[in-house]
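# Fold and contact review
Here are the chains, one letter per residue:
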Number of protein chains: 2
Amino acid sequence: MAGGGERRKKTLTQPSPASGRGLKGHFEPDAPASGRGLSKRAEPDARRQSLIEATARVLARDGATGASVRPIAVEAGVSPGLINHYFAGIDALIAATYSAVGEQVSNALAAAVAAAGNDPRARLTAYVTASFAPPIADRALLATWIAFWSLTGKPQIAERHDAIYARYREDLEALLADCGIAPADRRLTAIAITALVDGLWLELCLSPDSFTADEARGLAERQLESYFVRSANSDR
Amino acid sequence: MAGGGERRKKTLTQPSPASGRGLKGHFEPDAPASGRGLSKRAEPDARRQSLIEATARVLARDGATGASVRPIAVEAGVSPGLINHYFAGIDALIAATYSAVGEQVSNALAAAVAAAGNDPRARLTAYVTASFAPPIADRALLATWIAFWSLTGKPQIAERHDAIYARYREDLEALLADCGIAPADRRLTAIAITALVDGLWLELCLSPDSFTADEARGLAERQLESYFVRSANSDR
DNA sequence: AACCTTATTATACGATCGTTCAACAAGCAA
DNA sequence: TTGCTTGTTGAACGATCGTATAATAAGGTT
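## Looking at the packing of aromatic side chains
Residue and element names in this part refer to chain A. Enumeration according to the criterion identifies nine aromatic pairs over all chains in this entry. Centroid distance W145 to F148: 5.9 Å. Interplanar angle 75°. Geometry classified as edge-to-face. With W145 and F148 both in helix α7 (residues 139-149) and three residues apart, this pair spans about one turn of that helix. Across this residue pair, the class does not change: W145 and F148 are buried.

## Focus on the packing of α7(A) against helix α9 (residues 183-206) of chain A
Residues and elements named next belong to chain A. Across the interface, α7 lies against α9 with an axial gap of 9 Å and an inter-helix angle of 115°. Of the two elements, α7 crosses α9, and the hand of that crossing is left-handed. Note on element contacts: α9 touches α7 through W201, L202, C205 and L206, opposite R139, L141, L142, W145, I146 and W149. Taken together, the residues that form the contact of α7 with α9 break down as nine nonpolar, no polar and one charged.

## Re the pattern of salt bridges
The tally for this structure, following the rule as stated, stands at 18 salt bridges over all chains. Between R61(A) and D62(A) there is a salt bridge, and its shortest N-O distance comes to 2.7 Å. In this structure D62(A) comes out as partly exposed when scored by relative accessible area, which is 34%. Across the pair D214(B) and R217(B) runs a salt bridge whose closest N-O atoms are separated by 2.2 Å. One end of the pair, D214(B), and the other, R217(B), are both in helix α10 (residues 213-235), three residues apart, so they sit about a helical turn from each other. Sharing partners across several salt bridges, the network here consists of R57(A), R61(A), D62(A) and E75(A).

## Some details on the packing of helix α8 (residues 155-178) of chain A against α9(A)
In a packed pair of helices, the relevant descriptors are the angle between the two axes and the axis-to-axis distance. Residue and element names in this part refer to chain A. Relative orientation of the contacting elements α8 and α9 amounts to 120°, with a least axis distance of 9 Å. Pair α8 / α9 crosses with right-handed handedness. Every residue of α9 that contacts α8 at Y165, Y168, R169, L172, E173, L176 and A177 is listed here: R186, R187, T189, A190, I191, I193, T194, V197 and D198. Here the residues of the contact of α8 with α9 sort into nine nonpolar, two polar and five charged.

Cut-offs used in this document
Residues numbered from 1 in each chain as written. Chains lettered and ligands numbered in written order. Predicted model: local features only at pLDDT ≥ 70, side-chain atom pairs only at ≥ 80, totals over all residues. Heavy atoms only, no water. Phe/Tyr/Trp six-rings, centres within 6.5 Å; stacked < 30°, edge-to-face > 60°. Helix = DSSP H or I, 4+ residues; strand = E, 2+ residues; numbered from the N terminus. Buried < 20%, exposed > 50% of the residue type's maximum accessible area, 1.4 Å probe, protein only. Axes fitted to C-alpha atoms, helices over the stretch in contact; angles between N-to-C directions. Left-handed = near helix turned anticlockwise from the far one by under 90°. Contact = heavy atoms within 4.5 Å. Nonpolar A, V, L, I, M, F, W, Y, C, P; charged D, E, K, R; others polar. Salt bridge = Lys/Arg side-chain N within 4 Å of Asp/Glu carboxyl O.

Printed below as a string of structure tokens:
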């Protein structure tokens, strides 16, 4: 919508006085911004990934309001124009970051399950309580997540949200199945557990003084127990 | 750095063609924005209230990103400068709106409880399930709430959040007490119920296709039951 | 009437927003 | 070497952000 299309012919024809190399001067000669190297002519995939990671860091640090083109470019050690070379716009970059962060969270949960051994109940508990320990229980991750929620008005972002949450519930349903929860109960049980965990996680990050991570873990475990008690009663 | 600061001198020196009264032109002559009258020299308290309500409407419509001075002023049928006359800044206005909307929600829940009659269990159920019906279960209200969450980095907003949630849990604890939940259990029970309801409410508003309001209500009711079953067992 | 107080408007400022684009630079092919 | 492709820069645009402020308008007091 912004930016014209014809005015440039005259304006920029004469080269600007000091535009030899540009960016370099603002940073350490070869290590831009925050440690990421990648200063020149990166592999397209690596550059895309680096931009996504920079966006995630900015979202975690400054939330939705701070995640604008220039700060992200600075964080990535790159000029602002480059973002539009790799992504259709800032919204597309943020959407891609949503998917990437969602994947990371998913991996962290999977790791917690894997570390729990082979007992189905232990694996389920691990999956559920992982949200109350690092790296999930993290104020910065919540800020990132809220930023995504605040953008679900755009269909592009809403799609990612649905996909990420659907997968979360799918994983949970599989774990419930391994624990012997009846197929007809799995869907709603997964929804309830997801909601409880989300709500506890949200409030735990938002105002950590109202209860502790241990209390949250205890509440989630009790909720799980109640499903098995009920299931045992109705099965018999 | 961009845009320059010198070109404006010319651009804006001549007043915009139709700026006798300014805002008026966009709307009905004497009923600015959305029905609020109050066009000139209002009582300070009424004006403050009208600005807060306009902010709430804009937050509901456009979320956190859209809640900036000018759109709010348009919604209130007022010039942008007036906002800084009544509030220390846009952040203060939004904080005040948080309190006001929190109060409204609180009132809506109280009304649901009052409508439920005298049976303590019915009153508790009404309080809990009111979140899955209008006016609470509303995409626009969620957008408002997410906007507040996204600002909890600022201490001013975080305080309001803590106060609002503390009150929510207090009310819930009182209802639990009426239902005979042991004093020692009330705090954590209230936290768990709040979390479940919040999580269900969040996802119900965010992606309404994953489950229905009725299902959410059913899940919340079952959770309540489980607390009474447990309590009955341990009491006897 | 003249005066004072204050609600309100309208405009301006400097900063920053997302996007565009001509120019520069790096690597590869011929 | 010369060309060609393309990653990359830096500057500019128009829009909009939050805030400040001089001028105007309204109401009340004397």
